[in-house]
Amino acid sequence: MEQQPGGGLVLNVDHTFKILLVGDSGVGKSSLLLRFSTGGFEELVPTIGVDFKAKVVDVGGKKVKLTIWDTAGQERFRTLTSSYYRGAQGIVLVYDVSRAETFDSLADIWLREVDMYGTVEECIKMVVANKSDLAEQREVSREMGLQFAKAHGCLFVETSAKGNVAVDQAFEELVHKILETPSLLASTGSTFGLKSKQPQQSSCC
Ligand SMILES: Nc1nc2c(ncn2[C@@H]2O[C@H](COP(=O)(O)OP(=O)(O)OP(=O)(O)O)[C@@H](O)[C@H]2O)c(=O)[nH]1
Ligand SMILES: [Mg+2]
């Protein structure tokens, strides 16, 4: 910790990374973030717009501040949430293993959004298969999720926010991969590593 001229305290960190959570409504994005940030699990209402939490983690000997943006999955917020892809070094695409349509949406909606609105070249994508505790209701096998992630160059982790299975591991793996990617470290706080294309403007009717 360090005293600032204005009297406030700042935490010295090696890097600050922006992480974005996307996926259909109800897949458990906010529950994963709650579990990761506070260790808890409780019944949540659907996210309105975008929520945000910050957490400092030690990964590979580095102190990393994560600013994690939790977007609403509901379609009515899509125009708003699209602007939050900008500058994200890590994007987590979440589906619910007990609802196959949420898995299909990864290809139909969420990966397309990453391509359209992401601005960081080489940003790390991670597919998270949540609700692994719902064994009886499972509609998407681990193998299907893993194959999909491989085919699209994404990391893959199965989690349960409810059962606290592999949630910390998912975020840590993501941070590890970002730390291993030099262009993403250069992009922290600078314009290095940004895609050359201009961000998409939302169209006007
Ligand atoms: N069984 C089970 N239920 C879960 C798990 N994670 C979340 N849920 C439940 O799934 C529902 C939706 O969770 P949310 O975290 O609000 O989902 P979300 O993806 O943030 O939804 P939006 O904010 O609408 O995009 C809630 O009833 C949660 O309690 C899990 O790992 N297992
Ligand atoms: Mg939510």
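Residues numbered from 1 in each chain as written. Chains lettered and ligands numbered in written order. Predicted model: local features only at pLDDT ≥ 70, side-chain atom pairs only at ≥ 80, totals over all residues. Heavy atoms only, no water.

### So, helix α3 (residues 100-117)
Then comes step 1: Its 18 residues place the ends of α3 25 Å apart at the C-alpha level, agreeing with the 26 Å of an ideal helix rising 1.5 Å per residue.
Then comes step 2: Along its length, α3 shows its largest kink, about 50 degrees, at Leu106.
Then comes step 3: Burial in α3 covers these residues: Thr102, Phe103, Ser105, Leu106, Trp110, Leu111, Glu113 and Val114.
Then comes step 4: Elements in contact with the buried residues of α3: β3 (15-22), α2 (78-81), β6 (90-96), β7 (124-130) and α4 (142-151). (Helix = DSSP H or I, 4+ residues; strand = E, 2+ residues; numbered from the N terminus. Expected span 1.5 Å × (residues − 1). Bend = angle between axes of the 7 residues up to and from the residue. Buried < 20%, exposed > 50% of the residue type's maximum accessible area, 1.4 Å probe, protein only. Contact = heavy atoms within 4.5 Å.)

### Quick word on the coordination of the magnesium ion (ligand 2)
Then comes step 1: Protein-derived ligands of the magnesium ion (ligand 2) are Ser30 (OG) and Thr47 (OG1), with the metal-ligand distances lying across 2.0 Å. You can see Ser30 sitting in helix α1 (residues 29-38) and its partner Thr47 sitting in the loop between α1 and β4 (50-59), a full 17 residues away along the chain. For the pair Ser30 and Thr47, a shared accessibility class is recorded, and that class is buried. (Donors = N, O, S within 2.8 Å, 3.2 Å for Na, K, Ca; no water.)

### Regarding unusual backbone geometry
Then comes step 1: Not every positive phi belongs to a glycine, and Glu122 is a case in point at roughly 70 degrees.
Then comes step 2: Residue position: Glu122 is located in the loop between α3 and β7.
Then comes step 3: Residue Ala166 is not a glycine yet carries a positive backbone phi of 60 degrees.
Then comes step 4: Checked against the element boundaries, Ala166 lands in the loop between β8 (155-158) and α5 (167-179).
Then comes step 5: On the accessibility criterion, Ala166 (18% relative accessible area) is buried.

### Re the pattern of salt bridges
Then comes step 1: Under the counting rule described, the total for this entry stands at 5 salt bridges.
Then comes step 2: Note that Glu101 is salt-bridged to Arg99, the shortest N-O span being 3.6 Å.
Then comes step 3: We classify Glu101 as partly exposed; its relative accessible area is 42%.
Then comes step 4: Taking the shortest distance from any N to any O, the salt bridge between Glu158 and Arg138 comes out at 2.9 Å. One end of the pair, Glu158, is in strand β8; the other, Arg138, is in the loop between β7 and α4, with 20 residues separating them in the sequence.
Then comes step 5: Relative accessible area serves as the criterion here: at 13%, Glu158 is assigned to the buried category.
Then comes step 6: Judged by its relative accessible area of 29%, Arg138 falls in the partly exposed class.
Then comes step 7: Taken together, the shared-partner salt bridges connect Asp96, Arg99, Glu101 and Lys131 into one network. (Salt bridge = Lys/Arg side-chain N within 4 Å of Asp/Glu carboxyl O.)

### Digging into the site of ligand 1
Then comes step 1: In the region of ligand 1, 21 residues are neighbours, and Ser25, Lys29, Ser31, Glu43 and Gly73 sit closest.
Then comes step 2: Here Ser25 contributes a side-chain N or O atom positioned 2.6 Å from an oxygen atom of ligand 1.
Then comes step 3: Taking Lys162, its main chain carries an N or O atom lying 3.1 Å from an oxygen atom of ligand 1.
Then comes step 4: For ligand 1, whose accessible area on its own is 650 Å², the fraction buried by protein is 90%. (Near = heavy atom within 4 Å. Polar contact = N/O pair within 3.5 Å; in protein donor to acceptor, adjacent residues only side chain to side chain. Areas by Shrake-Rupley, 256 points an atom, 1.4 Å probe, with all protein chains shown as cover.)

### Thoughts on α5
Each α-helix turn comprises 3.6 residues. Residues three or four places apart therefore point the same way.
Then comes step 1: Along its 13 residues, α5 runs 19 Å from first to last C-alpha, staying within 8% of the 18 Å computed at 1.5 Å per residue.
Then comes step 2: Val167, Ala170, Phe171, Leu174, Val175, Ile178 and Leu179 are the residues of α5 that are buried.

### Section: the sheet that holds β3
Then comes step 1: Spatial strand order, β4-β5-β3-β6-β7-β8: 6 strands in an open sheet with mixed pairing. Two strands bound the open sheet, and with one partner strand each, they are β4 and β8. Each neighbouring strand pair of the sheet contributes to a mean axis angle of 25 degrees, computed without reference to strand direction.
Then comes step 2: Each of β3, β4, β5 (62-71), β6 and β7 is contacted by α1, which is oriented at about 150 degrees to β5, the strand it contacts most. (Pairing = 2+ DSSP bridges. Axes fitted to C-alpha atoms, helices over the stretch in contact; angles between N-to-C directions.)

### As for the nonpolar core
As a rule of thumb, soluble globular proteins bury nonpolar side chains together.
Then comes step 1: Counting residues in hydrophobic clusters, the biggest one holds 50 residues, and the most contacted among them are Leu66, Ile91, Leu93 and Tyr95.
Then comes step 2: Of all the elements, α5 adds the most residues to this core, at 7 residues.
Then comes step 3: The residues touching Tyr95, leaving out its near neighbours within four places in the chain, are Val27, Thr102, Phe103, Leu106, Val127, Val128, Ala129, Asn130, Val140, Ser141, Gly145 and Phe156. (Core = buried A, V, L, I, M, F, W, Y, C linked by side-chain atoms within 4.5 Å.)

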